[in-house]
Amino acid sequence: MDVVNQMQRQFVDYSTSLHREGILDDQFTQLQKLQDENSPDFVVEVASLFFEDCEKLINNMARALEQQGVDFKQVDASVHQLKGSSSSIGAVQVKNVCIAFRSFCEAQNREGCLRCLQQVTHEYSLLKNKLQTLFRLEQQILAAGGSIPVIE
Amino acid sequence: MTALVVDDNMVNRTIHHQLLDNLGIENVAVGNGKEAVDIHCSGKAFDLILMDMDMPIMNGIEATRKLREMGIRSMIAGVSTRSMEQEIREFIEAGLDDYQEKPLTVSKLISIIRKIN
């Protein structure tokens, strides 16, 4: 039981740090609350869909920005999509970069867009690593016979 | 109560589906406005439609307008990341009963459902 308690404390501390660092916001907590015995893997499933979505959209943005004549509307459409899904999952840093990114698309500023693309790629990688660590901690607790603490 | 989720983004469709499921609302999800119109043409009806605004093929504004022209009287709630009044005015004028800014939460969904009841 001590091992489970220790793991649960580690999970709570790690989860709290993700919110404190501004990587996740309350929307992620809302998603965790939606998870129940009928859909025990809901958060992992949504996160996986988000990762796929992000990678596809980031590739689309990169290809569009490589073109001689950049179609800023096309770039903006991808950024808008990414802003939407990052907002829905609580990925606040990714969302914030998308807000700045859209301004550069509107201004048709290629250099600004490229900087934002680099930033959003970085924020996405960071988020993915952090979430995968969180999910690993969850799996360890469950494997040890414990339950996942609810973070308010 | 039954609901139709109309959103081109899989992350949002999954979240909205789960929100509705948790409230005991049977629901179906489609990926754009044209699919929303087609499902109604096939004879299906819903008490609530959660309509995204920006979608390929047929966006939420066109789909809402079309559904109202078809005589669909379901509650249509626009759900989008748009927040500027002028951006959402056209959406509302197309025939929405409510509009909620994403992300959709349990409390926003309950406030939509209260309007049906």
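Here the structure is a predicted model, which is why all the values come from computation and not from measurement.

> Summarise the UniProt feature "domain: HPt" (unreviewed entry) in chain A; cite the residues concerned and give the values.
Under the UniProt annotation, the feature "domain: HPt" (unreviewed entry) is placed at residues 39-141 of chain A. Helix makes up 87% of residues 39-141 of chain A and strand makes up 0%, while its end C-alpha atoms are separated by 18 Å.

> Got a sec to walk through helix α6 (residues 110-143) of chain A? Specific residues and values, please.
All names here are of chain A. With 34 residues, α6 ought to run about 50 Å at 1.5 Å a step, and its terminal C-alpha atoms sit 49 Å apart, in line with that. With a side-chain oxygen positioned 3.2 Å from the backbone nitrogen of glutamate 111, the residue opening α6 is asparagine 109. Residue glycine 145 follows α6 closely and has a positive phi angle near 90 degrees.

> How would you explain the nonpolar core if you had to name every residue and give the values?
Ranked by internal contacts, the top residues of the largest apolar core, which has 62 residues, are A:Phe50, A:Val75, A:Leu82, A:Phe101, A:Leu131, B:Leu48 and B:Leu50. When residues of this core are assigned to their parent elements, the largest contribution, 13 residues, is made by helix α3 (residues 42-66) of chain A. In this structure, B:Leu48 is in contact with B:Thr2, B:Ala3, B:Leu4, B:Leu20, B:Met75, B:Ala77, B:Leu109, B:Ile112, B:Ile113 and B:Ile116, ignoring residues within four places of it in sequence. Counting 22 residues, the second-largest nonpolar core is a separate cluster that includes B:Val6, B:Val30, B:Ala36 and B:Leu67.

> Help me get a handle on the pattern of salt bridges, residues and values and all.
Applying the stated criterion to the full structure yields 11 salt bridges over all chains. Close ionic contact of A:Asp53 with A:Lys56 constitutes a salt bridge, the shortest N to O distance being 3.8 Å. You can see A:Asp53 and its partner A:Lys56 sitting in helix α3, 3 residues apart, about one turn around the helix. Residue A:Lys56 is classed as partly exposed on the basis of its relative accessible area of 46%. B:Glu90 serves as the salt-bridge partner of B:Arg65, at 3.6 Å between the closest nitrogen and oxygen. In this pair, B:Arg65 sits in helix α3 (residues 60-69) while B:Glu90 sits in helix α4 (residues 85-93), placing the two residues 25 residues apart along the sequence. Overall, the relative accessible area of 35% leaves B:Arg65 in the partly exposed class.

The rules behind these values
- Residues numbered from 1 in each chain as written.
- Chains lettered and ligands numbered in written order.
- Predicted model: local features only at pLDDT ≥ 70, side-chain atom pairs only at ≥ 80, totals over all residues.
- Heavy atoms only, no water.
- UniProt positions renumbered as here; feature names shortened; annotations may be inferred.
- Helix = DSSP H or I, 4+ residues; strand = E, 2+ residues; numbered from the N terminus.
- Expected span 1.5 Å × (residues − 1).
- Polar contact = N/O pair within 3.5 Å; in protein donor to acceptor, adjacent residues only side chain to side chain.
- Core = buried A, V, L, I, M, F, W, Y, C linked by side-chain atoms within 4.5 Å.
- Buried < 20%, exposed > 50% of the residue type's maximum accessible area, 1.4 Å probe, protein only.
- Contact = heavy atoms within 4.5 Å.
- Salt bridge = Lys/Arg side-chain N within 4 Å of Asp/Glu carboxyl O.

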